[in-house]
Amino acid sequence: METVASGQAAAVTRGNGTEFWKNSSGSARMMRYVSLLYTGFWIIQPMYEHSWEKWLWFGLVYAGFLSLYFLIPNTEGRMQRILLGQMVAMAFGYYPFNQSACGMFVYPVVILAFMTTSMRTYVTFLVAQSIGVVLEAWLFHLQWWTALMAVFFSLVVGFSNFAYTRQARASYQLRQANDEIEHLAQVAERERIARDLHDLLGHTLTVIAIKSELANRLLPIDAGRAAQEMQEVEQTARQALAEVREAVSGYRSEGIAAEVQRARRTLAAAGVQLTVSMEPVQLEPAQANVLCLALREGVTNIVRHAKATAATLRVEVDGTSLKMRLEDDGVGCGSCEGNGLRGMRERVRQTGGSVEIASAKPRGTAVLIELKVRSVTANVMVEASRAKAFA
């Protein structure tokens, strides 16, 4: 009887009586029918008394009990409580006529365990029903052993099922929390991929568009230079394809020096002169990747929106803090922030850094990125020297 509703916990934890039985399957569904075997004890007294009247009342009461037993789980709220009250009233009404049916008091207790989460409500119901059984046995001079058995099994089975339902609710909430965490992780991953693809494709398509326009302008006056620009367009497109493939499994950054070289070519094609000042620094792969993508987004914004003629890139290290400042002399847009800049801000924040976008002096826009780094090492002097060689 203790497992009368096992397997229904997931539905009950949602507080939905309609799903009390519906979501059960296999052995759990079978147990709700097996628990009815305990009603076999109810026929003991009618059998010993050999009374057709007793059998008639037993048939009517048992039919009503089965109806309530299967109706209660398929109702909700006030109607569910009314039907449960009718089951309790039926138990009290039939007990004086058939003391072998004292087990009828256990079923409402078990069902209530799956209907309420309040310990106070449950204990109050158990105490009230137990007192009612004892009083009824005293008033109608019934056998005390049947009353005590009804009270004993109601308490033991009742508290066992209430403990079971609390554990089932906790398990259900844990599964819900795990599902939510998994969902949030998937959303975060989709957002990361969207940001990275935006940075990759946005930058690359901008370069292709700028170089294509330059090739078209050069074609009538310098066919050789136009052909060279178109070759670079082809190389850029092939490189973009490789980078998109890398984005699927995580970026493998070529280093800040290679990104600076790429930025210089892009800005030169747009007529913007880049001045670079870098200090050597040891970066973790994740930080190097973030810094490269941030630089790429900043360069893309200069080409698209700044209308600048010159830009400056400074990378400085102060203790364990790395600062990268990219500024231009364009029209300025310190308060403008689209998807690219928002993606940059989120990506830098995930590595423990910060992004500040402000107006440059005397005009233009400045993007300041600050990251925490472990140490400055001589091993990366080659990176810095390569970057300066491109200046």
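Before reading on, note that the structure itself is shown above.
Remember, predicted model here, so these are calculated numbers, not experimental data.

A word on the overall build of the protein
Next up, step 1: Summing up its helical and strand segments, the protein has 13 helices and 5 strands in all.
Next up, step 2: Counting over 391 residues, the protein shows a buried share of 44%.
Next up, step 3: Residue pairs at least 24 apart in sequence account for 68% of intrachain contacts in the protein once pairs closer than 6 positions are excluded.

Focus: the sheet that holds strand E2 (residues 310-318)
To summarise the sheet geometry, strands pair through backbone hydrogen bonds and adopt either a parallel or an antiparallel arrangement.
Next up, step 1: Spatially, 5 strands are ordered E1-E2-E3-E5-E4 in an open sheet, and the strand pairing comes out mixed. Unpaired on one side and paired on the other, strand E1 (273-278) and strand E4 (354-359) mark the two borders of the sheet. Neighbour-to-neighbour, the strand axes of this sheet turn through a mean angle of 10°, independent of strand direction.
Next up, step 2: Examined bridge by bridge, strand E3 (residues 321-328) and strand E5 (residues 365-372) share 7 bridges and lie antiparallel to one another. Residue Ser321 lies in a different strand from E5, and its bridge partner there is Lys372.
Next up, step 3: Strands E1 and E2 of the sheet are contacted by helix H10 (residues 256-269), whose axis makes an angle of about 160° with E1.
Next up, step 4: Strand contacts of helix H12 (residues 339-350): E4 and E5, with the helix running at about 145° to E4, the strand carrying the most contacts.

Comments concerning the pattern of salt bridges
Opposite charge on two side chains makes pairing possible when the charged atoms of those side chains draw close.
Next up, step 1: Inspection of the entire model under this criterion finds 8 salt bridges.
Next up, step 2: The partner of Lys211 in a salt bridge is Glu229, and the shortest N-O contact between them spans 3.3 Å. Linking Lys211 in helix H8 (residues 144-218) with Glu229 in helix H9 (residues 223-249), this pair joins segments that are 18 residues apart in sequence.
Next up, step 3: Given a relative accessible area of 5%, Glu229 falls into the buried group.
Next up, step 4: Of the charged contacts in the structure, one is a salt bridge between Arg325 and Glu327, with a shortest N-O distance of 2.6 Å.
Next up, step 5: Among the residues examined, Arg325 registers a relative accessible area of 29% and is labelled partly exposed.
Next up, step 6: Through salt bridges with shared partners, one network takes in Lys211, Arg225, Glu229 and Glu232.

Comments concerning the pairing of E4
Next up, step 1: As paired strands, E4 and E5 are joined by 6 bridges and run antiparallel to one another. Counterpart to Ser354 in the pairing with E5 is Glu370.
Next up, step 2: Once E4 ends, the chain turns through 5 residues before running back antiparallel as E5, passing Gly364 with a positive phi of about 110°.

The rules we used
- Residues numbered from 1 in each chain as written.
- Predicted model: local features only at pLDDT ≥ 70, side-chain atom pairs only at ≥ 80, totals over all residues.
- Heavy atoms only, no water.
- Helix = DSSP H or I, 4+ residues; strand = E, 2+ residues; numbered from the N terminus.
- Buried < 20%, exposed > 50% of the residue type's maximum accessible area, 1.4 Å probe, protein only.
- Contact = heavy atoms within 4.5 Å.
- Pairing = 2+ DSSP bridges.
- Axes fitted to C-alpha atoms, helices over the stretch in contact; angles between N-to-C directions.
- Salt bridge = Lys/Arg side-chain N within 4 Å of Asp/Glu carboxyl O.

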